[in-house]
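Listed below, chain by chain, are the residues.
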Amino acid sequence: MKAIRFTQLATLAVLATFGGAATASAQSKTFTISWWGYNGEKMNANIIEPFKKICGCDIVFETGNNADRLNKLKLRDGKGVDVIYLSDSFSQLGIEQGLFREIDPAKIPNLSEIYELGRTPQGKYGPAYTIGRVGLVYDAAKVNPPIASWGDLWRPDLKSAVSLPGITTTAGPMAVIQAGKHAGVDPYADTEKTFKAIEALKPNVVKNYNTGSELVNLISTGEVRVAMAQDFTLTSMQAAVKTMTWAKLKEGDIATVNTINISKGTENLDLAYKFIDFILSKDVQQKEAEQGVDAPINTKVVLTPEQAKIWTYGAEQVGSLSLISYSKMNAAKTEWIDQWNEVFGK
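Residues numbered from 1 in each chain as written. Predicted model: local features only at pLDDT ≥ 70, side-chain atom pairs only at ≥ 80, totals over all residues. Heavy atoms only, no water.

Draft legend 1. Region of the structure containing the overall build of the protein chain. From N to C terminus, the protein chain includes 14 helices and nine strands. For a compact globule of 346 residues, the expected C-alpha radius of gyration is about 20 Å, and the protein chain comes in at 21 Å, within 12% of that figure. Taken over 346 residues, the protein chain has a buried fraction of 54%. In the protein chain, the share of contacts with a sequence separation of at least 24, taken over all contacts with a separation of at least 6, comes to 72%. (Helix = DSSP H or I, 4+ residues; strand = E, 2+ residues; numbered from the N terminus. Rg over C-alpha atoms; globule rule 2.2 N^0.38 Å. Buried < 20%, exposed > 50% of the residue type's maximum accessible area, 1.4 Å probe, protein only. Contact = heavy atoms within 4.5 Å.)

Draft legend 2. Inspection of the pattern of salt bridges at higher detail. In the structure shown here, the tally under the stated rule is 11 salt bridges. The shortest N-O distance in the salt bridge between glutamate 113 and lysine 300 comes to 3.3 Å. Taken together, the residues glutamate 113 in the loop between helix H4 (88–96) and helix H5 (116–119) and lysine 300 in the loop between helix H11 (282–290) and helix H12 (305–308) connect sequence positions 187 residues apart. Accessibility expressed as a relative area gives 17% for glutamate 113, which makes it buried. For lysine 300, a relative accessible area of 48% gives the class partly exposed. Among the salt bridges present, the one from glutamate 214 reaches lysine 207, with a minimum N-O distance of 3.2 Å. (Salt bridge = Lys/Arg side-chain N within 4 Å of Asp/Glu carboxyl O.)

Draft legend 3. Representation of the environment of tryptophan 246. Along the chain, the position of tryptophan 246 falls in strand S8 (residues 244–246). Note: C-alpha distance between tryptophan 246 and alanine 171 (75 residues apart in sequence) is 16 Å. Apart from the residues lying within four places of it in its own chain, the contact partners of tryptophan 246 are Arg133, Val134, Gly135, Leu136, Val137, Ala229, Gln230, Asp231, Leu234 and Asp253.

Draft legend 4. Spatial organisation of the packing of aromatic side chains. Taken as a whole and assessed by the stated rule, the structure comprises 12 aromatic pairs. Through a chain of ring-to-ring contacts, the aromatic side chains of Phe31, Trp35, Trp36, Tyr38, Phe51, Phe61, Tyr85, Tyr129, Phe275 and Phe278 assemble into a single cluster. The residue whose ring lies beneath arginine 69 is tryptophan 36, and the NZ or CZ to ring-centre distance is 5.1 Å. (Phe/Tyr/Trp six-rings, centres within 6.5 Å; stacked < 30°, edge-to-face > 60°. Lys NZ or Arg CZ within 6 Å of the ring centre and 35° of its normal.)

Draft legend 5. Broad picture of the packing of H4 against helix H14 (residues 326–344). It is at 9 Å that the axes of H4 and H14 come closest, and there the two elements cross at 90 degrees. Taken together, H4 and H14 sit at an angle that is classed as roughly perpendicular. Residues Asp88, Ser89, Gln92, Leu93 and Glu96 of H4 form the contact with H14, whose participating residues are Tyr326, Ser327 and Asn330. Of the residues belonging to the contact of H4 with H14, the class tally is two nonpolar, four polar and two charged. (Axes fitted to C-alpha atoms, helices over the stretch in contact; angles between N-to-C directions. Parallel < 35°, antiparallel > 145°, perpendicular 65-115°, else oblique. Nonpolar A, V, L, I, M, F, W, Y, C, P; charged D, E, K, R; others polar.)

Draft legend 6. View of the layout of surface pockets. If you add up the space inside the largest pocket, you get close to 870 Å³. Lining the largest pocket we find 33 residues, and of these Ser87, Thr170, Gln230, Phe232 and Asn258 sit closest to its centre. Only H4, strand S4 (128–139), strand S9 (254–262) and H14 provide two or more residues apiece to the lining of the largest pocket. Per-element accounting of the lining of the largest pocket gives the leading share, six residues, to H14. (1 Å grid on protein atoms, 1.4 Å probe; cavity = no way out; pocket = protein on both sides within 12 Å on 5 of 7 lines; lining within 4 Å. Points joined across faces, edges and corners; volume = space filled by probe spheres on them.)

Draft legend 7. Highlighting the nonpolar core. The biggest cluster of nonpolar side chains holds 39 residues, and the ones touching the most others in it are Phe31, Ile33, Tyr85 and Phe275. When residues of this core are traced back to their parent elements, those giving at least two are strand S1 (30–35), helix H2 (40–55), strand S2 (58–63), strand S3 (83–87), S4, S9 and helix H10 (269–279). Broken down by element, this core gets its largest block of residues, seven residues, from H10. Excluding its chain neighbours within four sequence positions, the residues that come into contact with isoleucine 33 are Ile48, Ile59, Val60, Phe61, Glu62, Val83, Tyr85 and Phe275. (Core = buried A, V, L, I, M, F, W, Y, C linked by side-chain atoms within 4.5 Å.)

Draft legend 8. Quick look at empty space enclosed by the protein. Under the counting rule described, the total for this entry stands at two cavities of 30 Å³ or more. Within this model, the largest cavity holds a volume of roughly 170 Å³. Lining the largest cavity are 14 residues, and of these Tyr85, Tyr129, Glu288, Val293 and Asp294 lie nearest its centre. Those elements that place two or more of their residues in the lining of the largest cavity are H2 and H11.

Draft legend 9. Examining H14 more closely. At lysine 333, H14 is bent by approximately 50 degrees, the largest bend along its length. Of the positions making up H14, those classed as buried are Tyr326, Met329, Asn330, Ala332, Trp336, Gln339, Trp340 and Val343. The inward-facing, buried residues of H14 abut H4, strand S5 (162–165), helix H6 (172–183), helix H7 (191–201) and strand S6 (205–209). (Bend = angle between axes of the 7 residues up to and from the residue.)

Draft legend 10. Local environment of the side chain of aspartate 277. Its place among the elements puts aspartate 277 in helix H10. For the buried residue aspartate 277, which engages in no salt bridge, the nearest side chain bearing the opposite charge is lysine 274, 9.7 Å off. Ignoring any residue separated from it by four or fewer positions in sequence, one finds aspartate 277 in contact with Ile108, Pro109, Asn110 and Leu111. (Lys, Arg positive; Asp, Glu negative; His and termini not counted.)

Next up, the structure:
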């Protein structure tokens, strides 16, 4: 297998972090991981070095964002990496493009230890290795009664108080799904009534945000009292405004998962299964959660309330989540973007 081409600073960072592990020796196999490239030191300590002892292999990386890495894999027809980390919307694209192998659950014993929601989130393909959620946050000091339903976004007392994620962000299309539910229709089948609901919501929306930092700024200045957000932004929001609260919605929150898949062109299929099984193990999941890397999806992980507060964690919380169909969402997204821009561009 050819050595992976790293890009500029990412190359130097990975090589520095992993002590030259990106140079494969002639005597051992080379196992190639495609991932984002953050938390390098923690990943090295918690995953890479321990797994190298298990596999007796060299490990190299391909780093970058979801879109870039998936596109590279597509251009290589599923070859060049053994496993690939992706967020759920992008792994669905990879499935539709035929870039991954179907998973044999019998070869991943630790699969039985993770929350059922994460075992086959996209059919017969790779499992989730971490879990998050999209829900509503509000300033408990300024919003009364408390936010208790997705439908509360349309409350008249919230005029010019709400921020929604931009339609091209991870959570943006989920706002469309909730609008369809509010209108009592299938958002994929009846976009007219769905976007009438979004039009009705518009007076409450101060601004659509595109990054977590942008949302935190809107909250810190008092421009926004209610927002649709991903859970990883809560800590930053509470640092800015202590009374920001994650709403307990009667319908539950929306699950977001990061997945790991085996590329169809892997040259190390057995190692790929061993690696996935390893990262799902209780020991690895415990360390990653304690150190603030990823939310645990292994049900045997035990965290203190302080450790757990930044994560989607525990059977009750995970049990209230719903998965969305990314195959339907990806197919509808272009039309939704156009209609969303028409509403908010006026």
